[in-house]
Amino acid sequence: HGRPQLLVADIDAIAGVDPSSGNVLWKRVLDSYDQGCILAPTVYGNGIFTSTRASRTGHYPLTYRDEQFSVTDGWKNKLAVYMSSPVVIGDFAYTHLKNGRFACTDLRDGKIKWISNRTFGKYCSMVWRKDRILALTDDGQLLLMQADPERFVLVDSRAISTEETWGHLAIAENHVYIRERHAIVVFRWK
């Protein structure tokens, strides 16, 4: 709505904060069933897409009238995204779920397009470019996936570490940076 703000999540709420003053512009406390928002809230349209660690994924429309923000419940679905922040490409969110599977959600209505039939680690960091998603799991697997809203497509995968890889995947030009448990490893992407 044309007003700069930081989107934040804490254990029981999502909120918008004025970056210059620190004032809370709006806040949505999650009900007891939804409690526990760990991943970064993501802007989609005029609302916020997020998930809670124990229950559901949802979209919360944000409105601005008479110089006041308000946030309401939009759609919710049964997916539980625990720690892995989503990748949003167009109208679709690609997520790594609490149960280790990947899923695709249509952000317009909350319909689940697909859930992968196999698991990939406990945590996953993801980056994207065009129609490809590069994902790093906590157990050292690097995955290349097709961003296809109709089906799960694993293009390629490889083990790149025997140590835990909990740090977020980083890309700079043709280099891939991986934070292992005891080191930072750099790979050249060809």
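Residues numbered from 1 in each chain as written. Predicted model: local features only at pLDDT ≥ 70, side-chain atom pairs only at ≥ 80, totals over all residues. Heavy atoms only, no water.

### Observations concerning a nonpolar patch on the surface
Taken together, the side chains of Y177, I184 and V186 define a hydrophobic patch exposed on the protein surface, amounting to about 270 Å² of accessible area. Relative to the assigned elements, V186 resides in strand β19 (residues 184-188). Residue classification places V186 among the partly exposed residues on the basis of a relative accessible area of 42%. (Patch = residues over 30% accessible without salt bridge, like charges linked within 9 Å, V, L, I, M, F, W, Y side chains within 5 Å. Areas by Shrake-Rupley, 256 points an atom, 1.4 Å probe, with all protein chains shown as cover. Salt bridge = Lys/Arg side-chain N within 4 Å of Asp/Glu carboxyl O. Helix = DSSP H or I, 4+ residues; strand = E, 2+ residues; numbered from the N terminus. Buried < 20%, exposed > 50% of the residue type's maximum accessible area, 1.4 Å probe, protein only.)

### Remarks on the sheet that holds strand β18 (residues 175-179)
Reading across from one edge, β17-β18-β19 is the order of the three strands in this open sheet, with antiparallel pairing throughout. Across the chains shown, the open sheet's two edge strands, defined by having one partner strand only, are β17 (170-172) and β19. Here the average twist between neighbouring strands, direction ignored, is 25°. When β18 meets β19, the two strands line up antiparallel, connected through five bridges. Paired with V176 across the bridge in β19 is F187. (Pairing = 2+ DSSP bridges. Axes fitted to C-alpha atoms, helices over the stretch in contact; angles between N-to-C directions.)

### Structural notes on the pattern of salt bridges
Summed over the entire model, instances satisfying the criterion amount to nine salt bridges. Between R108 and D106 there is a salt bridge, and its shortest N-O distance comes to 2.9 Å. For D106, a relative accessible area of 7% gives the class buried. The salt bridge involving K111 is made with D109; its shortest N-O contact spans 3.8 Å. Salt bridges sharing partners connect three or more residues here, namely D91, D106 and R108.

### Quick notes on the pairing of strand β3 (residues 24-29)
Summarising the sheet, strand β2 (residues 13-17) and β3 pair through five bridges and their orientation is antiparallel. Among the inter-strand pairings, I14 is bridged to a residue of β3, identified as R28. Connecting β2 to the antiparallel partner β3 that follows it, the hairpin turn spans six residues, and G22 within it adopts a positive phi of roughly 80°.

### Some thoughts on the nonpolar core
Membership of the largest hydrophobic core comes to 15 residues, with the highest contact counts inside it found for I89, Y94, F102, M126, I133, A135 and M145. Every element with two or more residues in this core is listed here: β9 (87-89), β10 (92-96), β11 (102-106), β13 (124-129), β14 (132-137) and β15 (141-146). Judged by nonpolar contacts, the second largest core, of ten residues, contains I14, L25, Y60 and V71. (Core = buried A, V, L, I, M, F, W, Y, C linked by side-chain atoms within 4.5 Å.)

### Observations regarding the packing of aromatic side chains
One pair of aromatic rings is described through two measures. These are the centre distance and the angle between the planes. Taken as a whole and assessed by the stated rule, the structure comprises eight aromatic pairs. Between the aromatic rings of F49 and W75, the centroid separation amounts to 6.2 Å while the plane-to-plane angle is 45°, which identifies the pairing as tilted. Separated by 26 residues along the polypeptide, F49 in strand β5 (residues 47-51) and W75 in the loop between β7 (68-71) and β8 (76-77) bring together distant segments of the chain. Of the two residues examined, F49 and W75, each falls in the buried class. (Phe/Tyr/Trp six-rings, centres within 6.5 Å; stacked < 30°, edge-to-face > 60°.)

### So, empty space enclosed by the protein
A probe as big as a water molecule, rolled over the atoms, marks out the empty space that is left. A complete count under the given rule lists one cavity of 30 Å³ or more for this structure. Estimates place the volume of the largest cavity at around 50 Å³. Lining the largest cavity we find Y94, T95, F102, A103, W114, I133, M145, Q146, F152 and V153. Breaking the lining of the largest cavity down by element, the ones donating at least two residues are β10, β11 and β15. Across the lining of the largest cavity, the residue classes break down as eight nonpolar, two polar and no charged. (1 Å grid on protein atoms, 1.4 Å probe; cavity = no way out; pocket = protein on both sides within 12 Å on 5 of 7 lines; lining within 4 Å. Points joined across faces, edges and corners; volume = space filled by probe spheres on them. Nonpolar A, V, L, I, M, F, W, Y, C, P; charged D, E, K, R; others polar.)

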